[in-house]
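Here are the chains, one letter per residue:
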Amino acid sequence: FLLPAGPLFPQPAAAAGATTEVPFDGIPNERWVRVPLKISLPDAWSSRPGQRVKQSKFMLYTDTYGPNYRYTTALPRYVDAETGAVVANSMAVLVQSRAGQESIMDLGPQANIDARAAFGVEADEIMLAETAGATKRTDAGKQTYYQWELVCPGGNRVLLSACISGGGMYVLSVEATPAQWSANAGALNDVLTSFRVPVAAEATTDVSERIYNNASSGGFS
């Protein structure tokens, strides 16, 4: 699973605008190269009591190498220390295989991608959402991201940032109610653009060796 690798729950800080990085370990023994990734959250946000990270996986299909999964890591809900209000309905990172592709641009022009259906993001009425904005971003490490802002019929906003690295496609999803968006639009957009996934080449070792970690045995165990 895509497990947080460091401090997960930022605590309120005195300095306005300060942020804390939330790093994630990559997923070992999968079809893509294991890479670290991270987002930054305002220090004024803290997780709700009793909330924990939730990991899940969904089988997309099965082939010669076995099940091909999409993994989802859902962060706990966060509360603004000043208002006591929950800042977003959900924040999650998804990853799945995109073998043979080196960049999100290999999926084609951003305008040709239906972000509502392309990434497996779950949100109420997302398939009926309208696109309020779409941008392309390149970070300091030369990683390119496609980003979207979707508006669902009930008014919820879904922010998406997607990239490809090491044969895997990574997607950050942030969903907010109208009230949450009104109060935190700027901070939520900052979270989206803080998403960092390093550029990595796809592995040259056989897929079976990466999945089953059986390079020495020469076959499935």
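Structural data are supplied above this passage.
Residues numbered from 1 in each chain as written. Predicted model: local features only at pLDDT ≥ 70, side-chain atom pairs only at ≥ 80, totals over all residues. Heavy atoms only, no water.

S.K.: Explain the pattern of salt bridges here, please?
M.R.: A complete count under the given rule lists four salt bridges for this structure. Here Asp 63 ties to Arg 31 by a salt bridge, and the two come within 2.8 Å at their closest N and O atoms. Residue Asp 63 is found in strand β4 (residues 54-63), and its partner Arg 31 is found in the loop between β1 (19-24) and β2 (37-42); the two are separated by 32 residues along the sequence. What makes Arg 31 buried here is its relative accessible area of 7%. A salt bridge links Arg 116 to Asp 114, with the nearest nitrogen and oxygen atoms 2.9 Å apart. By relative accessible area, Arg 116 is classed as partly exposed at 26%. (Salt bridge = Lys/Arg side-chain N within 4 Å of Asp/Glu carboxyl O. Helix = DSSP H or I, 4+ residues; strand = E, 2+ residues; numbered from the N terminus. Buried < 20%, exposed > 50% of the residue type's maximum accessible area, 1.4 Å probe, protein only.)

S.K.: I tried to follow unusual backbone geometry on my own but got confused; where do I start?
M.R.: Backbone geometry follows two general trends: most residues other than glycine have a negative phi, and most peptide bonds adopt the trans configuration. Unlike most non-glycine residues, Asn 29 shows phi in positive territory, near 55°. Its place among the elements puts Asn 29 in the loop between β1 and β2. Even without being glycine, Glu 125 reaches a positive phi, approximately 65°. Looking at where Glu 125 falls in the secondary structure, it is placed in the loop between α1 (115-118) and β8 (130-138).

Honestly, that's just the spatial picture; any functional story needs more than this.
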